[in-house]
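Per-entry structural report
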Amino acid sequence: MKYISTRGGIDPIDFSDSVMMGLATDGGLILPENIPTVSEDTLKHWARLPYQDLALEVMKLFASDISEELLEDLIKRSYSTFDHAEVTPVVEFGDLYILELFHGPTYAFKDVALQFLGNLFSHLLSQKGSFMNILGATSGDTGSAAIYGVKGKDNIDIFILHPHGRVSPIQALQMTTVEDENVFNLAIEGNFDDCQTVVKTIFNDLDFKNTYRLGAVNSINWARVLAQVVYYIYAALKLREAGTEDPIHFSVPTGNFGDIFAGFVAREITGDLIGRLILATNENNILTRFVLEGRYQKGKVVPTLSPSMDIQVASNFERYLYYLFGRDGKIVKLTMDEFSRTGIITIDKEQLCLVRKTFSSASINQDETVDTIRRFYKRYSYVIDPHTAVGVAAAQRLRAELPPGPIVCLATAHPAKFPGAVRKAIGREPQRPYGLQGLEGKKQRYKVLPPNVDEVKKYIKSVGLKDL
Ligand SMILES: *Cc1c(COP(=O)(O)O)cnc(C)c1O
């Protein structure tokens, strides 16, 4: 399998090189040249596999330049850090299913991808006797998951920008209390989009990128999307095995469009197995407006109870546009150039029809979010986090307009990461799992910086170039 750019400006490269490249050198995002589809027989076989074995089957379709033994070893190690034998178990609640994606070391779904990516990076680097500075922006969960993916690895340093004071206290502590010397936290005086803009700008400075051997871990890295594809297929096959014949819908709390794009890829691979993807947003609903009106227009970021979705420009959206625009990199490039000038993308009626065959969407406000946590708890004695609640509320609202079929709601974080929102809903904070206990007593390490490219570069220069 070879990899290309959404903007058509790079020669096809191997999986390993694409992992190392992060953002494509033409400013686009990396995608596989094609998405393989599998037969019903293959799906039947896959349905009986444990999570790790399924991951191997799915990933080897895309990572053909990595040996199967090695891939198997990477997968085993990556998911041995999870506290559930099934890695991502599916739990039934009345007419909904919850796919628990929070059993990794930082209690959010991002561990599924970042435990794998950390091990993959480290392996590829040691093969070359090389070193990397990881640079990324986080609205909360990515940062800690990325840090836990690479902490202590001796061929990687990691620099994570987070919006100062705008991630939940626990999320900040998860990042800043890590003691490993290869971890650098930058608290940026701005919002998440500011952090992301700084990171993108630095990556576009190819001289700097090469000199400092920068690599990305945010959701633009294809290997992350790939790792996330697995749990959609895993969950859908579980329900299929249990006797469901209808297509299985997924409700996905969405920010950067990374997770739901993995759902799109899973849907392509498996034919009719997966039905509609519900794109659930909070008040930052640029993507909902796109699905409903065919207009992708940047608004202002408003802080909500689901901060990991407080995003306006969705960094993975361009990947979907590539398919929507008939896999024509030239059109994607023109569209993205225009978007950076005007801040708007509009699509025509036919394209909107296509969008709505795949996606349904709803935007859920904060009152509805709190109310959903409360109702779910009352009914099932099960606490969901505010991101998950956005997905559950969207599923409940849209159920009537979907084709028949069960809905799986992605539980993207453990509720204990967002105690404030949970307290509002049920009057008490959720019990903290073992790994989140005692964080407040630990020593913190972070550096406060303005949202300024040069300041961030200066900091990386001052600490980040190791002797090779
Ligand atoms: C990152 C995150 C999301 C959004 O996922 P995207 O891939 O950015 O769409 C939703 N919920 C939680 C808890 C997250 O950490």
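Residues numbered from 1 in each chain as written. Predicted model: local features only at pLDDT ≥ 70, side-chain atom pairs only at ≥ 80, totals over all residues. Heavy atoms only, no water.

Thoughts on the site of the ligand
- Taken together, the neighbourhood of the ligand is formed by 15 residues, with Lys 110, Asp 141, Gly 255, Asn 256 and Asp 259 sitting nearest.
- Here Thr 412 contributes a side-chain N or O atom positioned 2.9 Å from a nitrogen atom of the ligand.
- Look at the ligand: alone it shows 380 Å² of surface, and the protein chains cover 98% of it.
- When grouped by side-chain class, the residues that make up the shell around the ligand number 5 nonpolar, 7 polar and 3 charged. (Near = heavy atom within 4 Å. Polar contact = N/O pair within 3.5 Å; in protein donor to acceptor, adjacent residues only side chain to side chain. Areas by Shrake-Rupley, 256 points an atom, 1.4 Å probe, with all protein chains shown as cover. Nonpolar A, V, L, I, M, F, W, Y, C, P; charged D, E, K, R; others polar.)

Topic: the UniProt feature "modified residue: N6-(pyridoxal phosphate)lysine" (unreviewed entry) in the chain
- As annotated in UniProt, the feature "modified residue: N6-(pyridoxal phosphate)lysine" (unreviewed entry) corresponds to Lys 110 in the numbering used here.
- In this fold, Lys 110 is placed in helix H5 (residues 110-128).
- By relative accessible area, which is 10% here, Lys 110 ends up buried.
- When residues no more than four places from it in sequence are discounted, the contact partners of Lys 110 are Asp 141, Thr 142, Ala 145 and Arg 224. (UniProt positions renumbered as here; feature names shortened; annotations may be inferred. Helix = DSSP H or I, 4+ residues; strand = E, 2+ residues; numbered from the N terminus. Buried < 20%, exposed > 50% of the residue type's maximum accessible area, 1.4 Å probe, protein only. Contact = heavy atoms within 4.5 Å.)

Thoughts on unusual backbone geometry
- Positive phi outside glycine occurs at Phe 257, with the angle close to 70°.
- One can find Phe 257 in the loop between strand E9 (248-253) and helix H11 (258-269).
- A positive phi is found at Ser 381, a non-glycine position, where the angle reads about 55°.
- Structurally, Ser 381 can be placed in the loop between helix H16 (366-380) and helix H17 (386-398).
- For Ser 381, a relative accessible area of 60% gives the class exposed.

Structural notes on the pairing of E9
- Across the 6 residues of E9, 6 count as buried, placing the element largely inside the fold.
- Side-chain alternation along E9 places Ile 248, Phe 250 and Val 252 on one buried face and His 249, Ser 251 and Pro 253 on a second face that is also buried.
- Both E9 and strand E10 (residues 274-281) contribute to a ladder of 5 bridges, which runs parallel. Bridge pairing in E10 places Ser 251 opposite Ile 278. (Pairing = 2+ DSSP bridges.)

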